[in-house]
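Architecture and fold: a report
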Amino acid sequence: MRSRLEWRKARVIDTRTIAEDVRAVTFAVEGLSVGFDPGSHTNIKVQINGEPAIRTYTVIPGQPGTLSIAAKLHPNSRGGSAFIWQLQPGDDTELTEPENRFELSWRASRYLLIAGGIGITPIYGMAKALASRGKTLRLAYAAKSRQQMAFLDELAALLDERLQVFAQDDGETLDLDAEFAALPPDGEAYICGPLGLLEAARQAWQRGGRSMSRLRYEVFGDNGRFAEQAFDVEVAELGTRVRVRADQSMLDVLLEAGVGMVFDCRRGECGLCAVNIVEADGVIDHRDVFFSEAERQENSRMCACVSRACGGRIVIDTGYRGELAAAE
């Protein structure tokens, strides 16, 4: 299964710094369909070390005929945020039509929105949409400092007491158990942020005995526990060996090498690209939200789109037998 990407020519028409290390970029997009739902994302063609690559960013509300994104300049970036930061008005690239796998249900009696750092990008659009429809909501916004909080002033004006800020530098701590306990049984939570926040939220939600269908979350593909390193991959059933650079995903390198892969989300959420780990020299940096923490600790499988090896060599089995299945 592969996402059908509808590419559109795009030109940068505006760039601005909206928080510490956060840059918003607006594109005029050729043939763009009208409107998109909050939580939608777009793919963008970038250049990393002179090589073409694709990165994914949340689409933030903007003017008709345009798409806007906000990128945080990560110190351990694989190169995508650095590319976005160097864009200037007049630069050309290509974007895809927005698609959404982080949708609001519009069925809840109350909505709890939680953003960690640059995870505010989809939550910002959700807050605006919910407020415009008069829905009952609360937004808990956590980051290292207020200076790093994009859209803070606008959200404060829009939500007033429905917004609460948790700045680590000010000693403010987000209490997930308390936040979830305040939700009615038919309330829903939508969370975007670092992997640690999402794992903690999932555990707290389960401790409260709540239905997992009412917890929605989105993760960043580059927020692992370790800085990106190059590593070698051997595909056991094919004898194929490839090198994954620090600025590449294992999935992309395998596809370029002609290895048959099943994939869809490219964000560690759907699990379709998961491969079996036959052998590994070192630590596996699991960056998905598909597997449970117990499954990650087993180190028997990994999502090829986001997870990585911390250097060294791994041997995998993709489990994909495309040609054999076709022959049967």
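Our structure is the block above this text.
Just so you know, these numbers come straight off a predicted model, no measurement behind them. (Residues numbered from 1 in each chain as written. Predicted model: local features only at pLDDT ≥ 70, side-chain atom pairs only at ≥ 80, totals over all residues. Heavy atoms only, no water.)

**Here's the deal with the overall build of the protein**
For the protein, the count of helices and strands is 8 helices and 18 strands. By the compact-globule yardstick of 20 Å for 328 residues, the protein fits well, its C-alpha radius of gyration being 20 Å. If one aligns the C-alpha atoms of the protein with their principal axes, the spans along those axes are about 60 × 50 × 40 Å. In the protein, which comprises 328 residues, the share counted as buried stands at 51%. The contacts of the protein with a sequence gap of at least 6 include a subset with a gap of at least 24, amounting to 67%. Accessible surface, the protein: about 14900 Å² in total, of which carbon and sulfur atoms supply 47%. Between the mean site of the 38 positive side-chain charges and the mean site of the 47 negative ones, the protein shows a separation of 2 Å. (Helix = DSSP H or I, 4+ residues; strand = E, 2+ residues; numbered from the N terminus. Rg over C-alpha atoms; globule rule 2.2 N^0.38 Å. Buried < 20%, exposed > 50% of the residue type's maximum accessible area, 1.4 Å probe, protein only. Contact = heavy atoms within 4.5 Å. Areas by Shrake-Rupley, 256 points an atom, 1.4 Å probe, with all protein chains shown as cover. Lys, Arg positive; Asp, Glu negative; His and termini not counted. Charge placed at Lys NZ, Arg CZ, Asp CG, Glu CD.)

**Quick word on unusual backbone geometry**
With phi around 65°, Asp-21 is a residue other than glycine that occupies positive phi space. Checked against the element boundaries, Asp-21 lands in the loop between strand S1 (7-19) and strand S2 (22-29). Residue class for Asp-21 comes out partly exposed when judged on its relative accessible area of 33%. The backbone of Trp-106 sits at a positive phi, close to 60°, despite the residue not being glycine. Relative to the helices and strands, Trp-106 resides in the loop between strand S6 (92-96) and strand S7 (111-116).

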